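Analysis of the macromolecular model
Residue-level listing of the chains:
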Amino acid sequence: MNTPSHRSAAAPSSALKIETRSIDYVPRNERHGKVWHQAPFWFTGNFVLTTLVTGFTGAALGLSLVYAILAIVIGVCLGTFAMAFHANQGPRMGLPQMIQSRAQFGLRGAIVPFIAVVFVYIGFNVFNVILATDAINTVLPGNRAPWYALMIILAVVIAVIGHNLLHTVQRWLTYVMISVFAVLTVAAVINLQADTAVADAHFSWSAFLIQLSAAAGYQISYAVYVSDYSRYLPHDTPSRRVITWTYLGAASSALWLMSLGAFLASALPSPDAIGSVQAVGNQLLPGFGTFTVLIAVPALVGIMAVNCYGAMLTGISAIDGFISIKPGIKARIVGISLVGGVIFAIALSIPQSYLQSFNTFVLLMLYFLVPWTAVNLADFYVVRKGQYAISDIFNPDGIYGRWSGAGLVSYFLGLGAMTPFISLGFYQGPIAKALDGADIAFVVGLAVSAIAYCLLSCTRDLTAEQRAIEASERLFEGDES
């Protein structure tokens, strides 16, 4: 890809218009937005029925409600911690999240985490479109394919218009979701009794850690695109405020919906995201449960748009590592449309029982993303301390190179270290078996990958890197120096 120019005829604006940038650098004179907008964006991004499903895990394994919620709280707090610190990279670097990985893995080496990340985007959107269609079928039963197509098209249109519309949609949906689900939560607390549907509700380390890992993995999944939506913020936005607002939005909605999911699963004999919400709401007021289910559909379409947008950025970043791509509207439209087509094809080809494997999907996602997030955060906060030669991220002959041994070795060391601790339905590592199925793999992966990367990065050429940083700053922001 040609190094993107830092000049633009467009003045900084938050007005709604089609976004022209994709994986290229956002110059400081184009930055706009309010940092507190990160909170409602991530609140609604997390306030979807798939989040509710994550809270079913503990009860399904026989865990009592108190311990299930405790596991959710710990998992959400840990997972959101990683996510929120990624958000700070957006204003500092002015780049989408995953292309930043080139600094750790190399221009082409970054394809390794990219593959896992695209899998996450596609997988979540398939879950989301199936759930949204289930919701619509409660009042309009019939062929599912037209609803799949309609919602994917809506998500694609929102994603094509881009960053500003995504923020606007998510922000306004926040007020609606809080109002409706507050009433539903009160109804659940009044009408249901905890642990009545869980035979011999108890505590077990295995169930506790699986629920904890599911909650943490769900939150870490947002780390792969969090700075996509903070990269337009002014460069001097205080780090503390970016991290705090992101954390508050993402954690509060996850804690709310996952805990509600745990409560429903402990009190209802056959919990499911659609039926449980509908039954509890209708018990309070006839039709309210159905209304709540339908209100959840726009939020699912909103996060589908966010996922389509992120998948496009990651896909373009991957291809650009091997074949130069000119960033712009055309590349964005083609990329997002292709993503939508893949989601539609997969949703049509799989049975609805796919939703039953949601927990396995989340845990698999956690295993592949943990080494990446460890390497990326270690590089930004410990090794390079937020100082990068942005122009070299797009240059195959730059200081970051095509392949970086430090990042790749650290990533695979983390994966290898986690393997004995993995606990899945179809595979259990030897240490997980010894721990009676308890899963602590993500803690091991974080530690091993982060430590390995810091140790392997000690030999980099600091002088050459500093010269490259200064040259990049002059290229992009020369008028401000």
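Residues numbered from 1 in each chain as written. Predicted model: local features only at pLDDT ≥ 70, side-chain atom pairs only at ≥ 80, totals over all residues. Heavy atoms only, no water.

**Some thoughts on helix α8 (residues 145-161)**
The first and last C-alpha atoms of α8 sit 25 Å apart over 17 residues, in line with the 24 Å expected at 1.5 Å per residue. Among all positions of α8, only Tyr-148, Met-151, Ile-152, Ala-155, Val-156, Ile-158, Ala-159 and Val-160 are buried. Check the buried side of α8 and you find it contacts α7 (111-137), α9 (163-191), α13 (288-320) and α14 (329-349). At the exit of α8 stands Gly-162, carrying a positive phi of roughly 105 degrees. (Helix = DSSP H or I, 4+ residues; strand = E, 2+ residues; numbered from the N terminus. Expected span 1.5 Å × (residues − 1). Buried < 20%, exposed > 50% of the residue type's maximum accessible area, 1.4 Å probe, protein only. Contact = heavy atoms within 4.5 Å.)

**Side note on unusual backbone geometry**
Even without a glycine there, the phi angle at Asp-195 is positive, about 70 degrees. Mapped onto the elements of the fold, Asp-195 is located in the loop between α9 and α10 (205-220). Under the relative-accessibility criterion, Asp-195 is labelled partly exposed at 26%. Residue Lys-385 is not a glycine yet carries a positive backbone phi of 50 degrees. Within the secondary structure layout, Lys-385 lies in the loop between α15 (358-383) and α16 (390-393).

**A few points about a nonpolar patch on the surface**
A surface patch of nonpolar side chains, amounting to about 660 Å² of accessible area, comprises Val-66, Tyr-67, Leu-70, Ile-74, Leu-78, Phe-203 and Trp-205. With five residues, the top contributor of residues to the nonpolar patch is helix α4 (residues 65-87). With respect to the secondary-structure elements, Phe-203 resides in the loop between α9 and α10. Judged by its relative accessible area of 31%, Phe-203 is partly exposed. (Patch = residues over 30% accessible without salt bridge, like charges linked within 9 Å, V, L, I, M, F, W, Y side chains within 5 Å. Areas by Shrake-Rupley, 256 points an atom, 1.4 Å probe, with all protein chains shown as cover. Salt bridge = Lys/Arg side-chain N within 4 Å of Asp/Glu carboxyl O.)

**Things to note about the packing of α9 against helix α11 (residues 239-267)**
Where α9 contacts α11, the axes come no closer than 11 Å and their chain directions differ by 30 degrees. Between α9 and α11, the angle is such that the two are roughly parallel. You can see that α9 and α11 cross each other, and the crossing is left-handed. Between α9, through Ile-178, Phe-181, Ala-182, Leu-184, Thr-185, Ala-188 and Val-189, and α11, the contact on the second element is made entirely by Trp-256, Leu-257, Leu-260, Phe-263 and Leu-264. (Axes fitted to C-alpha atoms, helices over the stretch in contact; angles between N-to-C directions. Parallel < 35°, antiparallel > 145°, perpendicular 65-115°, else oblique. Left-handed = near helix turned anticlockwise from the far one by under 90°.)

**Description of the side chain of Ser-227**
Along the chain, Ser-227 turns up in the loop between α10 and α11. Discounting residues that sit within four places of it in the chain, Ser-227 has contacts with His-86, Ala-87, Gln-89, Gly-90, Leu-95, Pro-96, Gln-97 and Gln-100.

**Regarding the nonpolar core**
Among the nonpolar cores identified, the biggest contains 158 residues, and Trp-42, Leu-49, Leu-52, Tyr-225 and Ile-390 are the most heavily contacted of them. Per-element accounting of this core gives the leading share, 19 residues, to α13. Beyond its immediate sequence surroundings of up to four residues, Leu-52 is in contact with Leu-257, Leu-260, Gly-261, Leu-264, Ala-273 and Val-277. (Core = buried A, V, L, I, M, F, W, Y, C linked by side-chain atoms within 4.5 Å.)

**Let's talk about the pattern of salt bridges**
If you walk through the whole model with that rule in mind, you get eleven salt bridges. Taking the shortest distance from any N to any O, the salt bridge between Glu-19 and Arg-332 comes out at 3.6 Å. Placement of Glu-19 in the segment before α1 (38-46) and of Arg-332 in helix α14 is noted, with a sequence separation of 313 residues between them. Of the two residues examined, Glu-19 and Arg-332, each falls in the buried class. Put simply, Arg-402 and Asp-397 hold a salt bridge, and the shortest N to O gap is 3.3 Å. When salt bridges with common partners are traced through the structure, they connect Asp-379, Arg-384, Arg-460 and Glu-465 into a single cluster.

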